[in-house]
Amino acid sequence: MKPAPFDYVSAESVAHAVEALAAAAGDGKVIAGGQSLMPMINFRMVRPSVLVDINRIAGLDRIEDRGDRFHIGALVRHRLTASDPAIARHIPVLHEAMKNVAHLTVRNRGTFCGSVCHADPAAELPMMTLLLNGTIHIASPSGERTLPAREFLLSSLTTALQPDELVTGIAIEKLAPGTGWGFEEFARRHGDYALAAVTATVERRQGRASNVRLAVMGVGDTATRLPAVEAALEGSAMDGPAIADAVARLRTGIEPNSDLNGSADYRRHLAGVLAERVLKAAWDRAEEGAST
Amino acid sequence: MNAKVDVNLVVNGVSHKRTVEPRMLLSDFLRHELGLTGTHVGCEHGVCGACTVLLDGRSARSCLTLAVQADGLEVETVEGQGSREQLGRIQTAFRDHHGLQCGFCTPGFIMTIVDMLQHHPLENDEQIREALSGNICRCTGYQHIVNAVRELAKERGPLP
């Protein structure tokens, strides 16, 4: 398939991009890496009248260390996130997750922020952004605004971003030293969209779980944290019964869809299996009192 | 009518200038505007890898790139990797190891392997297969392609 016609604007700055989006009156679309958008444009599932290309805007292609967090610019490619040594050290769970994001060639172009904006329910980076208490930095005609990831990701392929707004970067929190983590994904083919994935982090205080975070994807309209399961694990010994209880809560707390690749029941079961592995791995990695 | 755009780019060391619709894919630009039909178009939505080229030295899907986005960039295609009379190193390794049968996917594999040999650790079959996993071949079962890359990786040695 070939794209339907559109006008093209190569934005020179964030302000220029927002201006061009505003001028498109709701019918503009931002392109960064284009690895999700271009297939939809080629299929004509998306037919913007104006395509605003942000690839030539200077300064958006960096991962900045901002103390307790990293700021990932809108043009940071997957290749950079996957290979950045500071990310590997401070957020090893993201380093691990990146191994599952697409293939070599797609990683050369695709961007972290673009993946989150695309909001595919079976993509890793929306889930990782939720896990890492991400903050979305947005440029709009009226100025800058920020949104927590949980308020940004609304549903399948749907975010709180307005048509005249541009995501300029996403801030994600570093993990406290000694934080345990786990990431498990099941996909039919490596690098393909996953049937389900689960990720977690946990700190260990006097043998008890603290600051438990758990997120899932592929089992609902959007990736999500599971606050009720996190709360149940908080302060627990993370032993067999505690994890079994968490898995049971997770299975009742999600509403997967059925599709060609698997029934809802299958996905619910799968998410539980992955969660059990993830929680055990996270607890095994957690170092006692390391963050205090 | 949507405004046409000027595209200036360098393909395999040769400068080209065309004026095209912004919606023209880089894959179509190479094939239809420049007559460089070595770049094959398989799925046209970024899944098969047949259209892989290098953009400023890194592999990219030319079907997921607009020609206008390549304006000012260096593009390398399979035509730059050797000729019928004088096969390039990767092409020779493919011939020696039977890394192709019908050949449709081969240009994409070749260009992906250029990127792999320049930038990626290829110390074992797992790393080789992982790096090749974005390209689909329906003939070879991949084993012969892996064999070819293993030999190329051995010649190259470890990355600095």
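Bear in mind that the values here come from a model prediction, so they are computed numbers and not experimental data. (Residues numbered from 1 in each chain as written. Chains lettered and ligands numbered in written order. Predicted model: local features only at pLDDT ≥ 70, side-chain atom pairs only at ≥ 80, totals over all residues.)

Enquirer: Lay out the overall build of chain A in plain terms, naming residues and giving numbers.
Expert: If you tally the helices and strands in chain A, you get 12 helices and 14 strands. A compact globule built from 292 residues would reach a C-alpha radius of gyration of about 19 Å, and chain A, at 19 Å, matches this within 12%. Its C-alpha atoms put chain A at 60 × 45 × 35 Å along the principal axes. Counting over 292 residues, chain A shows a buried share of 52%. Pairs at least 24 apart in sequence give 66% of the contacts found in chain A among residues at least 6 apart. (Helix = DSSP H or I, 4+ residues; strand = E, 2+ residues; numbered from the N terminus. Rg over C-alpha atoms; globule rule 2.2 N^0.38 Å. Buried ≥ 20, exposed ≤ 12 C-beta atoms within 10 Å, placed from the backbone. Contact = placed C-beta atoms within 7 Å.)

Enquirer: Describe in detail the overall build of chain B, supporting the description with residues and values.
Expert: Summing up its helical and strand segments, chain B has five helices and five strands in all. At 16 Å, chain B has a C-alpha radius of gyration in line with the 15 Å of a compact globule built from 160 residues. Once the C-alpha set of chain B is aligned to its principal axes, its extents read approximately 50 × 35 × 30 Å. Looking at chain B alone, contacts between residues at least 24 apart form 57% of all its contacts between residues at least 6 apart.

Enquirer: Lay out the sheet that holds strand β2 (residues 14-20) of chain B in plain terms, naming residues and giving numbers.
Expert: Residues and elements named next belong to chain B. Read from one edge to the other, the open sheet built from five strands follows the order β2-β1-β5-β3-β4, with strand pairing classed as mixed. Looking at which strands have only one partner, the edges of the open sheet turn out to be β2 and β4 (58-61). With direction set aside, neighbouring strand axes in the sheet form an average angle of 40°. In the sheet, strand β3 (residues 52-55) pairs with β4 via four bridges, with the strands oriented antiparallel. Considered in β4, the bridge of Thr52 is made with Arg61. Across the face of the sheet, helix α3 (residues 106-119) comes into contact with β3 and β4 while running at roughly 35° to β3. (Pairing = 2+ DSSP bridges. Axes fitted to C-alpha atoms, helices over the stretch in contact; angles between N-to-C directions.)

Enquirer: Provide a residue-level description of the packing of helix α11 (residues 240-253) of chain A against helix α12 (residues 264-285) of chain A, including the pertinent values.
Expert: Residue and element names in this part refer to chain A. For the pair α11 and α12, interaxial distance at closest approach is 9 Å and the crossing angle is 145°. When you trace α11 past α12, the crossing you get is right-handed. For the pair α11 and α12, the contacting residues are Ile243, Ala246, Val247, Leu250 and Arg251 in the first and Arg268, Ala271, Gly272, Ala275, Glu276, Leu279 and Lys280 in the second. Considering only residue class, the contact of α11 with α12 consists of seven nonpolar, one polar and four charged. (Left-handed = near helix turned anticlockwise from the far one by under 90°. Nonpolar A, V, L, I, M, F, W, Y, C, P; charged D, E, K, R; others polar.)

Enquirer: Tell me about the interface of chain B and chain A, residues and numbers included.
Expert: Quoted interface sizes are often the accessible area lost when the parts come together. Taken together, the contacts link 25 residues of chain B with 24 residues of chain A. Elements supplying a minimum of two residues to the side of chain B that touches chain A: β4 and α3 of chain B. Considering every element that reaches the side of chain B that touches chain A, the biggest residue donor is β4 of chain B, with four residues. Each residue belonging to the side of chain B that touches chain A can be placed in one class, and the counts come to seven nonpolar, 12 polar and six charged.

Enquirer: Can you break down the pairing of strand β10 (residues 166-173) of chain A residue by residue, with the values?
Expert: Residue and element names in this part refer to chain A. Along β10, seven of the eight residues are buried, which leaves the element largely enclosed by surrounding structure. Relative to β10, strand β5 (residues 69-73) runs antiparallel, the two being bridged by five bridges. Pairing of His71 across the sheet is with Ala171, part of β10. Strand direction decides the pairing type here: strand β6 (residues 135-140) and β10, joined by five bridges, are antiparallel.

Enquirer: Go over the sheet that holds strand β12 (residues 196-205) of chain A with me, naming the residues and quoting the values.
Expert: All names here are of chain A. Ordered in space as β11-β12-β13-β14, the four strands form an open sheet in which the pairing is antiparallel. Among the strands making up the open sheet, the edge pair consists of β11 (180-186) and β14 (224-225). With eight bridges connecting them, β12 and strand β13 (residues 208-217) associate as antiparallel partners. Among the inter-strand pairings, Ala197 is bridged to a residue of β13, identified as Met217. Contacts from helix α8 (residues 124-131) reach β12, β13 and β14, with the element oriented near 155° to β13. Against the sheet, α12 touches β11, β12 and β13, its axis set at about 155° to β11.

Enquirer: Give me the packing of helix α2 (residues 89-96) of chain B against α3 of chain B: which residues, what numbers.
Expert: Residue and element names in this part refer to chain B. In contact at an axis separation of 10 Å, α2 and α3 are set at 125° when each is read in the N-to-C sense. Between α2 and α3, the angle is such that the two are oblique. The two elements α2 and α3 meet at a crossing, and its hand is right-handed. The segment α2 lies against α3, with Ile90, Gln91 and Phe94 engaging Thr106, Ile110, Ile113 and Val114. Tallied by class, residues from the contact of α2 with α3 come to five nonpolar, two polar and no charged. (Parallel < 35°, antiparallel > 145°, perpendicular 65-115°, else oblique.)

Enquirer: Quick rundown of α3 of chain B? Include the residues and the values.
Expert: A turn of α-helix holds 3.6 residues, and therefore any two residues three or four places apart point the same way. Residue and element names in this part refer to chain B. Relative to the 20 Å expected for 14 residues at 1.5 Å per residue, α3 spans 20 Å between its end C-alpha atoms, a close match to the ideal helical length. Counting buried residues in α3 gives 11 out of 14 residues, a clear majority hidden from the surface. Among the residues of α3, Thr106, Pro107, Gly108, Phe109, Ile110, Met111, Thr112, Ile113, Val114, Asp115 and Met116 are the ones counted as buried. (Expected span 1.5 Å × (residues − 1).)

Enquirer: So what about helix α1 (residues 14-23) of chain A? Which residues, and what values?
Expert: Residues and elements named next belong to chain A. Taken together, the buried positions of α1 are Ala17, Val18, Ala20 and Leu21. Down the axis, α1 shows its buried residues gathered within 160° of arc, on one side only. In the segment just after α1, Ala25 is the residue with positive phi, at about 50°. (Arc of directions from axis to C-beta.)

Enquirer: Which residues make up unusual backbone geometry, and what values go with them?
Expert: Phi at Met238 of chain A is positive, roughly 55°, even though this residue is not glycine. Take Met238 of chain A: it is sitting in the loop between α10 (227-233) and α11. You will see that His98 of chain B, though not glycine, has its phi angle at about 55°, which is positive. Summarising the element assignment, His98 of chain B is placed in the loop between α2 and α3.

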